[in-house]
Amino acid sequence: MKQFFALLCLGTLTLVTSQAYAEEETSDLPDWAEEQVEPFRASVGNWVDNTSRNIDSFFGGEYYNNSVNNESYLRLGQEIDWMEGEGVGGDVSVRYRIDLPTTEERLRLVIESDPEESQGTLADQGSGRLYNDQRDRRNSTFGLDWLESRDKRENWSNRIGAGVRLRLPLDPYVRFTSERLWDIGDGPWQLESFNRLSWFNNEGYSARTEWDIGRPLSENRHLRFITNVQWREEEDTLEYSEIAELNQRLNKRSALRYSAIAIGESVSNPRITNYYLQTRYRRDVHKGILFADVIPELHFQREVSYDPRWAMTLRLEMYFQREINRDYFGF
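Every chain is numbered independently, its residues counted from 1 as its sequence is written. Thresholds applied to this predicted model are a pLDDT of at least 70 for local features of residues and 80 or more for the giving and counting of side-chain atom pairs; totals over whole chains, interfaces and linings are not thresholded and use all residues. Only heavy atoms go into the side-chain values, all of them from the structure, while hydrogens and water stay out.

## A closer look at unusual backbone geometry
We count it as follows: Think of it this way: any DSSP run of H or I at least four residues long counts as a helix, any run of E at least two long counts as a strand, and we number them from the N terminus. Partly exposed residues are those whose accessible area sits between 20% and 50% of the maximum for their type, while under 20% is buried and over 50% is exposed, using a 1.4 Å probe and protein chains only.
Phi at K287 is positive, roughly 50 degrees, even though this residue is not glycine. Of note, K287 is situated in the loop between β12 (271-286) and β13 (290-301). With relative accessibility at 22%, the residue K287 sits in the partly exposed group. Here S305, not a glycine, exhibits a phi torsion of approximately 60 degrees, which is positive. Residue S305 is classed as exposed on the basis of its relative accessible area of 56%.

## Observations concerning the pattern of salt bridges
To be explicit about the condition: The rule for a salt bridge is simple: a side-chain nitrogen of Lys or Arg has to be within 4 Å of a carboxyl oxygen of Asp or Glu.
On inspection of all chains with the given rule, the structure shows 23 salt bridges. The partner of E203 in a salt bridge is R165, with the nearest N and O atoms 2.9 Å apart. Here R165 lies in strand β5 (residues 157-165) and E203 lies in the loop between β7 (190-200) and β8 (204-216), a separation of 38 residues in the sequence. Note on R165: relative accessible area 0%, which makes it buried. For E245, the salt bridge identified is with R224, shortest N-O distance 3.3 Å. Linking E245 in strand β10 (residues 237-251) with R224 in strand β9 (residues 221-232), this pair joins segments that are 21 residues apart in sequence. Here the salt bridges share partners, and the residues they tie into one network are R75, E79, R280, R282, D293, R315 and E317.

## Comments concerning the pairing of β12
For clarity, the threshold we go by: By definition, two strands form a pair when at least two bridges between them are found by DSSP.
One ladder, built from 12 bridges, connects strand β11 (residues 254-265) with β12; its direction is antiparallel. When the bridges of β12 are listed, S254 appears paired with R283. In the sheet, β12 pairs with β13 via 10 bridges, with the strands oriented antiparallel. The residue of β13 that forms the bridge with H286 is L290. Between β12 and the antiparallel strand that follows it, β13, lie three residues; K287 among them carries a positive phi value of about 50 degrees.

## Observations regarding the nonpolar core
Worth spelling out the cut-off: In this description, a nonpolar core means a group of buried Ala, Val, Leu, Ile, Met, Phe, Trp, Tyr and Cys residues linked to one another through side-chain atoms lying within 4.5 Å. Any pair of residues with heavy atoms lying within 4.5 Å of one another is described as a contacting pair.
One finds L29, A33, V37, V44, V48, L74, V285, I289, L290, M318 and F320 forming the largest nonpolar core, which totals 11 residues. At the level of elements, α2 (31-60) and β14 (308-320) are the ones that each hand at least two residues to this core. Examining the composition of this core, we find that four residues originate from one element, α2, more than from any other. When sequence neighbours within four positions are dropped, the list of residues in contact with F320 reads F40, R41, V44, G45, V48, S72, Y73, L74 and L76.

Below, the structure written as structure tokens:
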């Protein structure tokens, strides 16, 4: 079975990579499918934008400005997960963010699903493969963020937020976020820091820090080394991860990410709980709104004595906004 799956992963990556170098078009969809997708995308995208702006005008009052950039979006996804020894699972996901730049540029009302604090342990988050039973669709938040008007290249850029998680009983929260970006010397290396301290009434405190150092290797390749440390009062365990990534743009519509990841826990008795290798292929299937991911992984987990186990995720995502953003690769 392992040999078969290894050949399947290799064949899939070879196929998608060869397709990525083919003649560039704006869509892989046949004409009849494009005729169905485009009106639906435009209609839902306009609805998302208009709804967020109408809410914004209500709260913003005399300060409302229709020309302000609105970063609201709706994302629909369908994915299939397989882990050796655990079988196949499937899931349909809906994620959204309603961005409301009310009263003034630095004060924003934000409604979003899946806040970072609800996305589980670093092991859950690390591979981008959240299993069905680890997803909680009751994690939408409604809150107000105050942003400092600072460039994170020159000073620490801070953001303070407060609000409630929209489930019964209502779950109040407060969070503080701080970011910084440094150029290292005169070379191409950059160091970025992201730090967040949160409190949710029902789950207690959590803290996370991420340090990301990277540099471009060429016009289409970028190297990154990422360190994450996380503590959540609910788990009462310090977690950490080390990630080495090579991101490669194949062309305007395709990209590859190669990752080597180690995840550990505890301070008094530190131990590595999972090593894994991951390749992620992402394809812009249709005009910057429809994306496909193929994510094969090879895990070495402590709970199974570090015996190698294969995993695979297939994912299809569709984004809805009035203005199409053609850079949803996240690389």
